[in-house]
Amino acid sequence: MKITGVKATRRVGDAHALTGRLTDSCCIVELSTDTGLTGIGIADPGVRVPVRRLVADMLVDADPRSVTGIWQRMMDAQSAGRRGKTESRALAVLDQALWDLKAKANDEPLWKTLGGARSRANAYASHKDPAASDAEFTTWFQRMARGHGLRGGKLRVGTDENADARRLERMRVSLAEVTPEPVLMIDADHGWSVKQAIDRVRSMEQRFDLTWVEGVSRDRDARGLKKLSDAIRGAVCVGAGVTTIGEFLPHLERRSVDVIAIDIGITGITAALQIADAAYGLELPVTLSAAPGNIHAHLAGVMPYFMSAEIIDPEPATRLFTSDVRIVDGWAVAGDLPGNGLVLS
């Protein structure tokens, strides 16, 4: 089995397919082989050029079943130059497509190829649209709770303390329809300094029991995040923008964070598994950031101390692809289609 080429196509009209962002376009990557099998990945439209270059330079004629070895060669090649966010995402989406191919070659779903014993992941709802009205915000969380049984939620917070408190309460009440103890998280989207975060979170914790705080300061500010972790009751979550184990090392050495977030749209699947193993060595739980078609559900069963999977869109509202992952009774449940379960429309 050999890779013969790649088709990286910008597709327009997809409002909810990408990880954590609202967008009107995405790049669909189709990695072809001489057996007729095609590996699928979905990423930002900007990855098309580096994806084509990586495939032409390193993947053509390679056996896609040697995923880890191919990933390491791509990492080594990019480390020799300068790897930015676009290059990291290009490598990540190719890694996803390679794992899709390997599972399809095995004629089994990805979660089985990865070695998982179960196909479901504990899930939570994550609201990402700051322009939504309070009524729209409430309706969305009610749908997540009533329609999909989600028992946890994450709010993107900002500069308006009253608005944040008001929406946290609305989120709590909506989720309380399905659980007496809703799990509440916040994401500051890197809009707060550590000092601001300590003041704001302490104020919130007078009314709410926060499970974790995310997006404070810079992801690499190990000293500042350690100070935050020591100052609040909730956990500090970091990592959604981190791509390699090396970038996590300062946090692991300082024990500056309490929860490790992994985004397979940036790390790929191979590095995500390595990061989860490193977190396990320090008994740190991991959470998975949202992914197109919720394919991150496939990884939960092989990650030690897995905590939860972020869900932005429980039923991907797109005409570009369908997904075999369903959100049922608070779980992201991966199906039995071979590969990652993404089928292009």
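Shown above is the structure to which this text applies.
Residues numbered from 1 in each chain as written. Predicted model: local features only at pLDDT ≥ 70, side-chain atom pairs only at ≥ 80, totals over all residues. Heavy atoms only, no water.

As for the packing of helix α6 (residues 161-175) against helix α7 (residues 194-204)
Any two packed helices are characterised by the angle at which their axes cross and by the distance between the axes. Short version of the rule: Fitted lines through C-alpha atoms serve as axes, helices being fitted only where they are in contact, and the angles separating the N-to-C directions of these axes extend from 0 to 180 degrees. Secondary structure counts use DSSP, requiring at least four H or I residues in a row for a helix and at least two E residues in a row for a strand, with both numbered from the N terminus. An angle below 35 degrees is read as roughly parallel, one above 145 as roughly antiparallel, one from 65 to 115 as roughly perpendicular, and any other as oblique. In this scheme the crossing of two helices becomes right-handed for a clockwise turn of the near helix relative to the far one and left-handed for an anticlockwise turn of less than a right angle. Whether two residues touch is decided by their heavy atoms; if any such pair falls within 4.5 Å, the residues are in contact. Classification convention: Asp, Glu, Lys, Arg as charged; Ala, Val, Leu, Ile, Met, Phe, Trp, Tyr, Cys, Pro as nonpolar; all other residues, Gly among them, as polar.
Here α6 crosses α7 at 40°, and the two axes come no closer than 11 Å. As judged from the angle between their axes, α6 and α7 are oblique. Viewed along their axes, α6 and α7 form a crossing whose handedness is right-handed. Taken together, the residues of α7 that come into contact with α6 (itself represented by Glu161, Asp164 and Leu168) are Arg200, Ser203 and Met204. A per-class count over the contact of α6 with α7 returns two nonpolar, one polar and three charged.

What about the packing of aromatic side chains?
The test is simple: Working definition: rings of Phe, Tyr and Trp (its six-membered ring) pair if their centres are within 6.5 Å, and the pair is stacked with planes under 30 degrees apart, edge-to-face with planes over 60 apart, and tilted otherwise. In this scheme, Lys NZ or Arg CZ marks a charge over a ring once it lies within 6 Å of the ring centre and within 35 degrees of the ring normal.
Tallying each qualifying case throughout the model produces four aromatic pairs. Put simply, the rings of Phe137, Trp140 and Phe141 touch in pairs and so form one group of aromatic residues. When the ring centre of tryptophan 331 is taken as origin, the NZ or CZ atom of arginine 120, which lies over that ring, is 3.7 Å away.

Comments concerning the nonpolar core
Using the following cut-off: Remark: nonpolar core denotes a set of buried residues (Ala, Val, Leu, Ile, Met, Phe, Trp, Tyr, Cys) joined through side-chain atoms within 4.5 Å. Per-residue accessibility, obtained with a 1.4 Å probe over protein chains only, is compared with the maximum for each type, and a residue is labelled buried under 20%, exposed over 50%, and partly exposed between these values.
Judged by nonpolar contacts, the single largest core of 100 residues is most densely connected at Leu59 and Met303. When residues of this core are assigned to their parent elements, the largest contribution, nine residues, is made by helix α3 (residues 85-105). Excluding anything up to four places from it in sequence, methionine 303 contacts Ile262, Ala272, Leu273, Ala276, Val286 and Leu288.

Focus on the pattern of salt bridges
Let me state the cut-off plainly: Salt bridge criterion: a side-chain nitrogen from Lys or Arg within 4 Å of a carboxyl oxygen from Asp or Glu.
Taken as a whole and assessed by the stated rule, the structure comprises 16 salt bridges. Across the pair aspartate 63 and arginine 65 runs a salt bridge whose closest N-O atoms are separated by 2.9 Å. Look at aspartate 63 and you get partly exposed, because its relative accessible area is 27%. According to the relative accessible area criterion, arginine 65 is partly exposed, its value standing at 38%. Between glutamate 214 and lysine 154 there is a salt bridge, with its nearest N and O atoms 2.9 Å apart. Here glutamate 214 is found in strand β7 (residues 210-214), whereas its partner lysine 154 is found in strand β5 (residues 152-156), with 60 residues between them in sequence. Members of the salt-bridge network, linked through shared partners, are Lys128, Lys154, Asp187, Glu214 and Glu310.

Quick look at helix α5 (residues 134-148)
Rules: Here, expected helix span is obtained from the residue count minus one, scaled by 1.5 Å. The arc in question is formed by the directions pointing from the helix axis toward the C-beta atoms.
The first and last C-alpha atoms of α5 sit 21 Å apart over 15 residues, in line with the 21 Å expected at 1.5 Å per residue. Within α5 the residues assigned to the buried category are Asp134, Phe137, Thr138, Trp140, Phe141, Met144, Ala145 and His148. The buried residues of α5 all sit within an arc of 160° when viewed along its axis, so they share a single face. Seen from the open side of α5, the exposed residues pointing more than 90 degrees away from its buried face are Arg146 and Gly147. Residues of α5 that are buried in the fold lie against β4 (120-127), β5, α6, β11 (306-311) and β13 (326-328).

Topic: the pairing of β4
What counts, and what does not: Paired strands, as defined in this entry, are two strands with at least two bridges between them according to DSSP. By definition, the crossover connecting two strands over a helix is right-handed if that path, from the first strand to the second, turns clockwise as seen with the strands pointing away from the viewer.
When you tally the buried positions in β4, you get six out of eight residues, the bulk of the element. Bridge count for β4 against strand β14 (residues 331-333) is three bridges, and the pairing is antiparallel. Bridging across to β14, arginine 120 finds its partner in valine 333. Pairing analysis gives three bridges linking β4 to β11, with the strands arranged parallel. Paired with alanine 125 across the two strands is isoleucine 311, which belongs to β11. The pairing of β4 with β5 spans three bridges and is parallel. Considered in β5, the bridge of serine 126 is made with lysine 154. Read as a crossover between parallel neighbours, the route from β4 over α5 to β5 is right-handed.

Here we look at the environment of serine 323
To be explicit about the condition: For this analysis, a polar contact is any N or O atom pair within 3.5 Å, provided that within protein one partner can donate a hydrogen and the other can accept it, and provided that sequence-adjacent residues contribute only side-chain to side-chain pairs.
For serine 323, the position within the fold is in strand β12 (residues 321-323). Judged by relative accessible area, serine 323 falls into the buried class, the value being 9%. For the pair formed by serine 323 and glycine 335, sequence separation is twelve residues and the distance between their alpha carbons is 8.9 Å. Contacts of serine 323, omitting those with residues within four sequence positions, involve Gly293, Gly341 and Leu342. From its side chain, serine 323 meets the backbone oxygen of glycine 293 in a polar contact 2.6 Å long. A polar contact of 3.2 Å, which involves the side chain of serine 323, links it to the backbone nitrogen of valine 325.

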